[in-house]
Amino acid sequence: MFQRAVVLLVCGLFSVSVLAEADLAQRAETLKKRVIELNRDLLKLEEQTLTPVDTQVVVFLAVDNGVSFTLDSVELSLNEEIATRYLYSEQELGALDRGGIQRLYTGALPEGSHQLMAVFNGKVDNRYFRKAASLKFAKTSGARYLELRVKRNPANPRQPIFAIREI
Amino acid sequence: MRSLEIQAVFKAVKPLVLVCVLLMSGLAVQAHEHDHERSAEEQDKLLHDEALFHFHRSEYMRTLVLLENEHVGTNHIDNDYHNRNHLLAVEAALRLGMLNEAEGILKHLGFTARERDIKHQTLYYQGKLSFTRERWNASIKELQEARKLLPPELRHEAAYMLSVAYLKRDLPVEAAKVMATLPKDSLWGAYAYFNLAMHYTERDRSASKALVALRVASTFTDETVEGREINDRINLAAGKIAIDLNDYEKASGFLEDVMAEGTSAPAAIVLYGQALQGLGRNRTAIQTWHRAKKFALMVPGVADAFQAIAYGYEQEELRSTSIDAYSEAISVYEKELLQTRELDEELRNSGLLAMLRKVQIDDSGVEWFLSTDLASNTPRIAFVYLLMSQDDVFVPARTLLEFDEHRSDLRQGLQRLEALESVLKKRLGKAGKGRKPVKLSVDETVLNDLISQRNQMVESFKRLPAGPQKTLAATEIRSLDIELRVLKRRYESVRERLTDTQGFFRRQLEETGKIRQEFEQLVSELDREIKTLDESLSATAREELEKHRKQMHNYYIRSQLALVNLYDDIAVSELQKSLDLQKEVIKGAGS
C-alpha cells in the first residue's frame, strides 16, 4: 500500500513537472509570436515613415561562395557622403558564405541622378586588400534596390571582382 | 481541367495586380512589395537570401519577422522560392521552439506544395516536428518516407533522428540499419553510433557491444572542432566502460587520445589516473592527477584527484609528501567552501539570470554555454556549466535567456518608436504650416476590374468537383484575396496621403502610440515571466550549490581526519622509535 502510494506520488510529481514544462513552452511560444508580430509592425511603420517607397534606396551585400577574399569591412558612400560603415564578424561572414544576403543600408533619396561608392577592406592570402567600386544610377519614383557583390575572378582568383548592380 | 483554367486566370491576373501596385508605388507601403522589375519569384528569392543571412547568424526571431509576412506579390505558381521561404520559416520556428507555428506552416505546405522536393522536405519537417514532440512512431513513419529523396545534409540528419526514434522504441537493430546508410564524412554518424553505444550500456548492459559501437562512432569523426569534441566524448565513454570492466590497458589507450584542451579533459585525466593505478603504476597515476588540479573543483572528479594524490603518496609510504598533499587539499577545499558561499550569496542577491549574463560570451546567442572554448577553470563558469548539463535546468534556463533577449529587443524597439514619434511630430508640424490640401482623384477602375475577374474565378471554382484540385484552387483564390485586400488598403492609403497629409501623419502617430503601448505591455509581461522563472531556477541552482558545499565539506573533513591519522601514525611510530631507543639505552646501561 505504502509502495503504491510512493509510486503514485512519484508519478504525480513527474506529470506535474512535465505539465509545467509544457505550460512554459506554450507560454513561451505565445510570447515569441507576439514579439515577432510587434517587430513586424514596427518594421512596417518605420518603412512607411522614414523610407517610404517613393524615396527608398536599399543596398544589399553578397559574397559569392568560394571567393578567396575575407571581407573585413565596407564603407558605403552616397553622393560622396558616408552612408554607412560596417565591420564584419566571423559569424556574419559565415552567413554570407552560406548564401545569405545582408541588407546593408536602407535610406531615402530624391528622384534624379546619384552615385554610390563602396570601399571593400579585407584580406587575400593574409595580405590586406582595399578596393573601391562605384555606380551611377538614376532614381525614379519607386524603390531602388542595389547589390554589392564580391565575385570570384576565374582569370585571377587572387583578384576578386567587386561589382555593384541594380536589382 | 477547370483548376488549370483558374491557375491560368490567376497567372493573368497576377501581373495586373503588380501593375496596379506599380501605379501607386510612389506612395505605398512595403519596399519588398513594389518593384515592377522584379517578378514574384525574384522578390521571394531576395527575401529568402536576406532571411538566410539572419538564419545563419542564429537570429531566428528576425528570420521569422521577415518571413511569414503578408506575401504580397508572391504566389505558389512558377515560384520556387515561395515554398522555400515557408520551409526556412519552419526550420527557424523549430529552432525557436515555436512548434505550433511550425505545425501551422507545415499544414499550409501540405495543401500547396506540388514540387517533389518541397513535398519531401515538408514531410521531413513533419517528421522533425514529431521527433521534437517525442512522438516516435509518427516520426519514424514520416522520416522513413521522406528521407530517400532529400538533399544529403537533410538526409543525414533524418537518418540520425530516425536512429534515435528507433532507440527510443527500443529497436536497436532497426536503428543500426539506418545508421549503416550514413556516409563516413557525416558527423551525424558519430552522434548516432555514440547513442547506440549508450543504449547498449544502459539497456542491454552489454559493454562489448557498446565498445564496438564507440569504435565505429570514432571512425565518423573529423578534424573540425566539433569532430574532435565528439571524438573526445567517445574516447571518454569507452575509457570509462573499459575501467568498469577492469581492462585498464584498454582504458588507458582510449583516455590517452582525449585532447588536453578539450572539455572532456578533466574527467579523462581523473579516469586515466585510475587506469594507471589499476595497472599498478601508482607514481604515474599520481603525476596524472596533478594535471587535474588546474581545473575547478566543480568539475566532476577534480576534488577526488586531490585526495587521490595524497592517498597515493601515503600508499607509497612518502609520509611527508602525503602530509603536504593533504594540507594542500584541505586548503583547496576551504577556499572552495568560501567561493561556494560567495556564489550562493550572488544567487540570493541577484538571481541566476544575472549570473548567466556575467559568464555569457559575446556574439554566441543564447546557446553560448554549449560553446566548447569555454574556460572552465573559474568557479562561476564551472558551476554554470555543471548546472546547464542537467536537462531539467537546461530547458527552462534557455527559455529564461531567450525571454531576456526578447525583452532587450523590445526595449530597443521602444527607443526606435520614440525616434519615430519625434519624426512624425516634426512632420505633422510642417504639414500644418501653410500647406494646401492636394485635390486628386484616384482611378479605381483597374482595381474594380481585378475584383470582378476574381469573382468570375470564384464562380468557376464553385463548379469544380471536390478533390485535391479544388483544394489547390481554393488556396490560390485565398492568396489572390489577400493580395487584393492589401491592394485596396493601399488605394485608400495613397488617396489619404495625397489629400490629407496632416490627417495621414496624425493617424501614423496614433498607430505609433498604439504599437508603443503593446510593446510596453509585452515588456511588463516578460518582466513577470522572467522574475518567476529566475526565482525558481535560482532556487534550484542554490540547491545544487548546497549539494556541492556538502560534498566539499565531506572532503574537507575526510582530508583533515586523514591528516590527523597520518600525524598519529607518525607520532606513534616516533614514539615507538624513541621507546625502542630508550630500551636500547637501558639495555646498554644494564649490560
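On a predicted model such as this, the values are computed, not experimentally measured, just so you know. Residue positions are counted from 1 within each chain, in the order its sequence is given. Starting at A for chains and at 1 for ligands, labels are handed out in the order in which the entities are written. This being a predicted model, a pLDDT of at least 70 is required before a residue's local features are given, and a value of 80 or more before pairs of side-chain atoms are given or counted; all residues contribute to the totals for chains, interfaces and linings. Values shown for side chains rest on all heavy atoms present in the structure; no hydrogens or waters enter the calculation.

For the purposes of this entry, the term helix denotes a DSSP run of H or I that reaches at least four residues, the term strand denotes a run of E that reaches at least two, and both are numbered from the N terminus. Tallying secondary structure elements over chain B gives 22 helices and zero strands in all. Partly exposed describes any residue whose relative accessible area lies between the buried limit of under 20% and the exposed limit of over 50%, with all areas from a 1.4 Å probe on protein chains only and scaled to the type maximum. The proportion of buried residues among the 591 residues of chain B is 50%. Note on contacts: a residue pair is in contact if any heavy atoms of the two residues lie within 4.5 Å. Counting only contacts in chain B whose residues sit at least 6 apart along the sequence, the fraction spanning at least 24 positions is 68%. Working note: accessible area of chain B is about 29,400 Å², and carbon and sulfur atoms make up 51% of it. Only the protein chains shown count as cover for residues, with accessible areas throughout obtained via the Shrake-Rupley method and a probe of 1.4 Å.

As a further point, take the overall build of chain A. Looking only at helices and strands, chain A has two helices and eight strands in total. Along the chain direction, N to C, the helices and strands of chain A fall in the order α-β-β-β-α-β-β-β-β-β. Residues counted as buried form 45% of the 167 residues belonging to chain A. Sequence-distant contacts, at least 24 apart, represent 65% of the contacts inside chain A between residues at least 6 apart. Within the structure as shown, chain A displays about 8,800 Å² of accessible surface, and the carbon and sulfur contribution to it stands at 55%.

Another aspect to go through is the side chain of A:Asn153. Residues and elements named next belong to chain A. With respect to the helices, strands and loops of the structure, Asn-153 is situated in the loop between strand E7 (144-151) and strand E8 (161-166). Asn-153 sits in the buried class, given a relative accessible area of 15%. A 3.5 Å cut-off defines polar contacts: any pair of N or O atoms within that distance qualifies, except that in protein one atom must be a possible hydrogen donor and the other a possible acceptor, and neighbouring residues in sequence count only when both atoms are side-chain atoms. A polar contact is formed between the side chain of Asn-153 and the backbone oxygen of Gln-159, at a distance of 3.0 Å. Apart from residues no more than four positions distant in its own chain, Asn-153 is found in contact with Gln-159, Pro-160 and Ile-161.

This next bit is on the sheet that holds strand E2 (residues 70-78) of chain A. Residue and element names in this part refer to chain A. The pairing criterion for strands is at least two bridges between them, as found by DSSP. Ordered in space as E3-E2-E5-E6, the four strands form an open sheet in which the pairing is antiparallel. This sheet does not close on itself; its edge strands, each paired only once, are strand E3 (81-87) and strand E6 (127-139). Neighbouring strand axes in the sheet, compared pairwise and without regard to direction, differ in orientation by 15° on average. Relative to strand E5 (residues 112-124), E2 runs antiparallel, the two sharing eight bridges. Within E5, the position partnered with Leu-76 by the bridge is Ala-118. Helix axes are fitted only over the stretch in contact, all axes being lines through C-alpha atoms; the angle between N-to-C directions runs from 0 to 180 degrees.

Attention now goes to the pairing of E3(A). Residues and elements named next belong to chain A. The sheet contact formed by E2 and E3 spans six bridges and is antiparallel. Among the inter-strand pairings, Leu-78 is bridged to a residue of E3, identified as Glu-81. If you look at the hairpin formed by E2 and E3, you'll find two residues sitting between the two strands, and Asn-79 has a positive phi there, around 50°.

The next point concerns the sheet that holds strand E1 (residues 56-63) of chain A. All names here are of chain A. In spatial order, the strands read E4-E1-E7-E8; together these four strands make up an open sheet with mixed pairing. A single partner strand is all that each edge strand has here, and the edge strands are strand E4 (102-108) and E8. Neighbouring strand axes in the sheet, compared pairwise and without regard to direction, differ in orientation by 15° on average. Looking at chain direction, E1 and E7 are connected through seven bridges and run parallel. When the bridges of E7 are listed, Val-57 appears paired with Arg-144.

This part takes up the packing of helix H6 (residues 116-132) of chain B against helix H8 (residues 152-168) of chain B. All names here are of chain B. Viewed as axis vectors pointing N to C, H6 and H8 meet at an angle of 35°, and their least axial separation amounts to 11 Å. Considering only the axes of H6 and H8, their crossing is left-handed. Here Gln-121, Tyr-124, Tyr-125, Lys-128 and Phe-131 of H6 come into contact with H8, specifically with Leu-154, Glu-157, Ala-158, Met-161, Val-164 and Ala-165. In this scheme, a crossing is called left-handed if the near helix is turned counterclockwise away from the far one by less than a right angle; it is called right-handed if the turn is clockwise.

Here is the rule: rings of Phe, Tyr and Trp (six-membered ring for Trp) pair when centre to centre is within 6.5 Å. Planes less than 30 degrees apart are stacked, more than 60 are edge-to-face, and the remainder are tilted. Within the structure shown, the criterion is met by 15 aromatic pairs over all chains. An angle of 70° between the planes, with centres 4.8 Å apart, marks the rings of B:Tyr124 and B:Tyr125 as edge-to-face. Residues B:Phe504 and B:Phe505 carry aromatic rings whose centres are separated by 5.6 Å and whose planes lie at 65° to one another, so their mutual orientation is edge-to-face. With relative accessibility at 10%, the residue B:Phe505 sits in the buried group. Taken together through their ring pairs, the aromatic side chains of A:Phe69, A:Phe120, A:Phe129 and A:Phe162 make up a single cluster. Should the NZ of a Lys or the CZ of an Arg lie within 6 Å of a ring centre and within 35 degrees of the ring normal, that charge is described as sitting over the ring. A cation over a ring is seen here: B:Arg233 above B:Phe194, with NZ or CZ 5.4 Å from the ring centre.

Residue and element names in this part refer to chain B. Those residues of helix H13 (residues 248-256) lying buried are Ala-251, Ser-252, Phe-254 and Leu-255. Down the axis, H13 shows its buried residues gathered within 160° of arc, on one side only. Seen from the buried face of H13, the exposed residues on the opposite side, beyond 90 degrees, are Glu-249 and Glu-256. On the buried face of H13, the contacting elements are helix H11 (207-219), helix H12 (225-244) and helix H14 (265-278). The arc refers to the directions leading from the helix axis to the C-beta atoms.

This brings us to the pattern of salt bridges. The term salt bridge refers to a side-chain nitrogen of Lys or Arg lying within 4 Å of a carboxyl oxygen of Asp or Glu. Within the structure shown, the criterion is met by 42 salt bridges over all chains. A salt bridge links B:Arg57 to A:Glu92; its shortest N-O distance comes to 3.1 Å. You can see B:Arg57 sitting in the loop between helix H2 (40-55) and helix H3 (60-66) and its partner A:Glu92 sitting in helix H2 (residues 90-97), one on each of two chains. Look at A:Glu92 and you get buried, because its relative accessible area is 4%. In this structure, B:Lys128 engages B:Glu91 in a salt bridge whose closest nitrogen and oxygen atoms are separated by 3.0 Å. Of this pair, B:Lys128 sits in helix H6 while B:Glu91 sits in helix H4 (residues 80-95), placing them 37 residues apart in sequence. Judged by its relative accessible area of 6%, B:Glu91 falls in the buried class.

With that settled, the discussion passes to the interface of chain B and chain A. In this assembly, 62 residues from chain B lie in contact with 46 residues from chain A. Here's the idea: put two parts together, see how much 1.4 Å probe accessible area each one loses, and the total over both is what we call buried area. Summed over both partners, the interface of chain B with chain A buries about 5,300 Å², with 59% contributed by carbon and sulfur atoms. Our count for the chain B to chain A interface comes out at seven salt bridges. With its nearest N and O atoms 2.9 Å apart, the salt bridge here joins A:Arg103 to B:Glu50.

Right, let's talk about the side chain of B:His56 for a bit. Secondary-structure assignment places B:His56 in the loop between H2 and H3. Residue B:His56 is classed as buried on the basis of its relative accessible area, which comes to 18%. Excluding anything up to four places from it in sequence, B:His56 contacts A:Gln91, A:Ala95 and A:Arg98.

Residue and element names in this part refer to chain B. Along the chain, Arg-341 turns up in helix H17 (residues 319-359). Taking relative accessible area as the criterion, Arg-341 reaches 51% and is therefore assigned exposed. Each C-alpha atom of the pair Arg-341 and Arg-549 lies 8.2 Å from the other, and the pair is 208 residues apart in sequence.

Here we take up the confidence of the model for chain A. Residue and element names in this part refer to chain A. Residues of chain A with pLDDT of at least 70 account for 89%, and the chain-wide mean is 87. Here helix H1 (residues 2-50) stands out as the element of chain A with the lowest mean pLDDT, 75, in contrast to E3, whose mean of 96 is the highest. As a per-residue measure, pLDDT reflects the predictor's confidence and takes values from 0 up to 100. Segment residues 1-11 is flagged for pLDDT under 50; beyond a separation of four residues in sequence, or across chains, it makes zero contacts in the model.

Looking now at the nonpolar core. Across soluble globular proteins, you tend to see nonpolar side chains buried next to one another. In terms of nonpolar packing, the biggest core is built from 155 residues, with B:Tyr124, B:Tyr333 and B:Phe383 touching the most fellow members. The greatest single-element share of this core, amounting to 16 residues, is contributed by helix H22 (residues 501-590) of chain B. When sequence neighbours within four positions are dropped, the list of residues in contact with B:Tyr333 reads B:Leu297, B:Ala303, B:Phe306, B:Gln307, B:Met552, B:Tyr555, B:Tyr556 and B:Ser559. The term nonpolar core refers to a set of buried residues drawn from Ala, Val, Leu, Ile, Met, Phe, Trp, Tyr and Cys, joined through side-chain atoms within 4.5 Å. By size, the runner-up hydrophobic cluster in this structure holds 30 residues, among which are A:Val67, A:Tyr88, A:Leu116 and A:Phe120.

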